[in-house]
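The primary structure of each chain is shown beneath.
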Amino acid sequence: MKLLNYFIFTFIAIVILNSCNTSTNDNVVKVIARDFNFEVVDEIQSGWTTFQFENRGQVEHFFLLNLLPDTISFETYHDEVTRPFEIVFDSLKAGKSKTDAIGMLIEMIPGWYFSSVKQMGGTGIVAAGKTTQVTLKLSPGTYAMECYIKYQGLFHTSLGMIRPIIVLEEASDLEPPKAGMDITLTNYNIETKGEIKPGVNTISVYFKEHPEFGLGNDVHLIRMGDKTDIDEVIFWLDWMNIKGLQSPAPVEFFGGTQEMPVGYTSYFTVDLDPGNYAWISESSAAKGMVKMFTVK
Ligand SMILES: [Cu+2]
């Protein structure tokens, strides 16, 4: 009888241990954003990864993952890409035109950035105190995690919100979540299928097109208050405007997803009360990529 108890005990212990292993293999990564840094592990598994993002700051934050080419270290990316944006923004503050500033950027940023760095998604902009979740499929490599909202005229990257993340060869078993609503991003439209309900919603975003030049398509969710001026939000989403992307935002942001290459899908969650909202794109809001809707 004692022997039977021993076997039953061993069997239960193995089952418990296995279930613990499964949870570490689920590849759920916590990211805490503060003013101004990210608290996150240094290394994660490749494959599908769920990032639980919590904004514990007083201002808006997000994260974007940039996959670096094998030949470029995180330090080189930091020095050679982040710095030119600071110099160019200073020149905009000093009165330079946007056209001249873009010319300056193209001249200062190394060619490998445009040809070989891949934007691999991240959360949309998240208001202070809010949380979201984003699930992305990542290949092994070195990534730069960054947030480039501005605070008192400085990018958050300049204040500490940039860090490396290593994605390991070891792959996770995680499957992508089931979405209750689907978004397809083209260069001129945010196509939606399905409806958002009050409470937690999981949304898939398929990246169907990428503009020929510049940033890829992304999507953010905002709440439309009685006094929200959508033109003011569109203006705010352009980092080249002096007050653009600078906290405080003129509207409340609930997340969304950062850009990915064509053919990829990102999943994210939002927790919404009934009300009026809009999907809006940072890269293409000015081209009319805004879609309003009501949660009943
Ligand atoms: Cu930030």
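Residue positions are counted from 1 within each chain, in the order its sequence is given. Note on the predicted model: pLDDT of at least 70 is required for a residue's local features to be given, and 80 or more for side-chain atom pairs to be given and counted; whole-chain, interface and lining totals, by contrast, use all residues. Only hydrogens and water are set aside when side-chain values are computed; all heavy atoms of the structure are taken into account.

1. Quick notes on the overall build of the protein
Selection rule: Segments assigned H or I by DSSP are reported as helices when at least four residues long, segments assigned E as strands when at least two residues long, and all are numbered from the N terminus. We compute the radius of gyration over the C-alpha atoms and compare it with the globule rule, which gives 2.2 Å times the number of residues raised to the power 0.38. Buried residues are those whose accessible area, probed at 1.4 Å on protein chains only, stays under 20% of the maximum for their type, while exposed residues exceed 50% and partly exposed ones sit between those limits. Here, residues are in contact when the closest pair of their heavy atoms is within 4.5 Å. Values of accessible area rely on a 1.4 Å probe in the Shrake-Rupley scheme; residue burial ignores everything except the protein chains shown. Positive charges are assigned to Lys and Arg, negative charges to Asp and Glu, while His and the chain termini are left out of the count. We put the charge of a Lys on NZ, of an Arg on CZ, of an Asp on CG and of a Glu on CD.
Across its full length, the protein holds six helices and 18 strands. In terms of C-alpha radius of gyration, the protein reaches 21 Å, essentially the compact-globule figure of 19 Å for 296 residues. Considering only C-alpha atoms, the protein reaches an extent of 85 × 50 × 35 Å along its principal axes. Considering the protein as a whole, with its 296 residues, one finds that 50% of them fall into the buried category. Across the protein, the fraction of contacts at a sequence separation of at least 24, relative to all contacts at a separation of at least 6, is 71%. Counting every atom, the protein has about 14,600 Å² of accessible surface; 54% of that belongs to carbon and sulfur. Between the averaged position of the 23 positive side-chain charges in the protein and that of its 36 negative side-chain charges there is a distance of 5 Å.

2. Quick look at helix α3 (residues 98-108)
Stated formally: Arc, as used here, means the arc of the directions from the helix axis to the C-beta atoms.
Considered for burial, the residues of α3 that qualify are A101, M104 and L105. Seen end-on, α3 carries its buried residues on one side only, within an arc spanning 100 degrees. Facing away from the buried side of α3, by more than 90 degrees, are the exposed residues T99, I106 and E107. Tucked inside the fold, the buried residues of α3 contact α2 (74-93).

3. Thoughts on the sheet that holds strand β14 (residues 219-223)
Each strand in a sheet pairs with another by means of backbone hydrogen bonds, the pair being arranged parallel or else antiparallel. Condition: Here, a strand pair is defined by DSSP locating no fewer than two bridges between the strands. Axes, fitted as lines to C-alpha atoms, cover a helix only where it is in contact. Angles between the N-to-C directions of the axes lie from 0 to 180 degrees.
Reading across the sheet, the four strands line up as β15-β14-β17-β18 and stay open at both edges, with antiparallel pairing between neighbours. Strands at the two margins of the open sheet, each flanked by one partner only, are β15 (252-257) and β18 (290-295). The mean angle between the axes of side-by-side strands here comes to 25 degrees, regardless of whether they run parallel or antiparallel. Alignment of β14 against strand β17 (residues 275-280), held across four bridges, turns out to be antiparallel. Its bridge partner lying in β17, I222 is registered against A278.

4. Observations regarding the coordination of the copper ion
Heads up, the condition is: A donor here means an N, O or S atom no more than 2.8 Å from the metal, or no more than 3.2 Å when the metal is Na, K or Ca. Since water is not included, a site may seem to lack partners.
Around the copper ion, the donor atoms from the protein are H61 (ND1), C147 (SG) and H156 (ND1), and they sit 2.0 to 2.1 Å away. Donor residues for the copper ion sit on one chain with the sequence pattern H-x85-C-x8-H. With H61 in the loop between β3 (43-55) and β4 (64-67) and C147 in the loop between β7 (141-146) and β8 (150-151), this pair connects stretches of sequence that are 86 residues apart. On the basis of relative accessible area, C147 is assigned to the buried category, the value being 0%.

5. Focus on the pattern of salt bridges
When the charged atoms of two side chains with opposite charge come close together, those side chains can pair. As a reminder, the rule being used: Within this document, salt bridges are pairs made up of a side-chain nitrogen of Lys or Arg and a carboxyl oxygen of Asp or Glu, the two lying within 4 Å of each other.
Overall, the coordinates contain eight salt bridges when judged by the stated rule. A salt bridge links E39 to R34, with the shortest nitrogen-to-oxygen separation between them at 2.4 Å. Overall, E39 belongs to the partly exposed group, its relative accessible area being 40%. The exposure class of R34 is partly exposed, given its relative accessible area of 29%.

6. Observations regarding the packing of α2 against α3
Worth spelling out the cut-off: Each angle receives one of four descriptions, namely roughly parallel if under 35 degrees, roughly antiparallel if over 145, roughly perpendicular if within 65 to 115, and oblique otherwise. Should the near helix be turned anticlockwise from the far one by less than a right angle, the crossing is left-handed, and should it be turned clockwise, the crossing is right-handed. The nonpolar class holds Ala, Val, Leu, Ile, Met, Phe, Trp, Tyr, Cys and Pro. Asp, Glu, Lys and Arg form the charged class, and all remaining residues, Gly among them, are polar.
Remark: α2 packs on α3, axes separated minimally by 10 Å, with the N-to-C direction vectors making an angle of 160 degrees. The angle between the axes of α2 and α3 places the two elements in the roughly antiparallel class. Read as a crossing pair, α2 and α3 show a hand that is right-handed. Here E80, P84, F85, I87, V88, S91 and L92 of α2 come into contact with α3, specifically with K98, A101, M104, L105 and M108. A per-class count over the contact of α2 with α3 returns nine nonpolar, one polar and two charged.

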